[in-house]
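Structure assessment
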Amino acid sequence: MKFNNVRTVIWDCDGTIWHHDPAEIFIFAKKLGITSQEKILELEKEFFEVISEYNERFKTEIVTHRKIIETIDEKMPILEYLGITATEFFETWKNIDTTILNPHVETCMQMFQKKGIKNIVYTDWLRDSQIRILKTYNLLQYIEAVYSSEGSYLKSSPKNQLSHFIKPSEKDSYLFIGDSISDIFYANKAS
């Protein structure tokens, strides 16, 4: 595909626009009032189990808050020991910022916009959470729309429908920028 044909760039958030702070779990722990190093390490282990389960479960199930909370409840028994409910953890997760903006993203988005190329974000996480972070980095001014897998399937799901923002007659005019197998799967499915 020639760059001249590109009319829309579809960006992934996590790992692409930003990456997560290596001290992410300590940010969570501080917010939740957890000070024990042993408990923080267990929290980290179980948190990554939730993320893994999230990526598997929502290939075949629609992403909903209730189902995310169920996954947290199932995969994070440490929370009960800490006196934190799955709902409380989910609310913290939705509202916490553990991201670090990747360099040059704003410059790229600005350049695309100046060339008349639309910037669109498509994320596997919650739309409102991602919009909040995009606002923090002052990137919304370059973005035409933000789409999420919330209320749908993950990008990597064969059940995911592209039609909500990709026009089949214009597939050659999209450029996908992502960092994972699910982003590659989605881009290949769209082309």
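Overview of the structure.

**Re the overall build of the protein**
Helix and strand content of the protein: eight helices and six strands. Across the protein, helices and strands are ordered from the amino to the carboxyl terminus as β-β-α-α-α-α-α-β-α-β-α-β-β-α. Here the protein, with 191 residues, has 44% of them falling under the buried criterion. Taking all contacts inside the protein whose residues are at least 6 apart in sequence as the whole, residues at least 24 apart take part in 75%.

**Details of the pattern of salt bridges**
Scanning all chains against the criterion turns up 11 salt bridges. Of the charged contacts in the structure, one is a salt bridge between Lys-59 and Glu-56, with a shortest N-O distance of 3.4 Å. One end of the pair is Lys-59 and the other is Glu-56, both in helix α2 (residues 37-60) and three residues apart, which spans about a single turn. Since its relative accessible area comes to 27%, Lys-59 is described here as partly exposed.

**Digging into the nonpolar core**
Ranked by size, the top nonpolar core spans 26 residues in total, and within it Leu-43, Ile-68, Ile-72, Met-76, Phe-89 and Trp-93 carry the most contacts. Those elements that place two or more of their residues in this core are α1 (24-32), α2, α3 (65-75), α4 (78-82) and α5 (86-95). A total of six residues in this core trace back to one element, the largest contributor, which is α2. Counting 19 residues, the second-largest nonpolar core is a separate cluster that includes Val-9, Val-105, Ile-117 and Ile-131.

Rules of the game
- Residues numbered from 1 in each chain as written.
- Predicted model: local features only at pLDDT ≥ 70, side-chain atom pairs only at ≥ 80, totals over all residues.
- Heavy atoms only, no water.
- Helix = DSSP H or I, 4+ residues; strand = E, 2+ residues; numbered from the N terminus.
- Buried < 20%, exposed > 50% of the residue type's maximum accessible area, 1.4 Å probe, protein only.
- Contact = heavy atoms within 4.5 Å.
- Salt bridge = Lys/Arg side-chain N within 4 Å of Asp/Glu carboxyl O.
- Core = buried A, V, L, I, M, F, W, Y, C linked by side-chain atoms within 4.5 Å.

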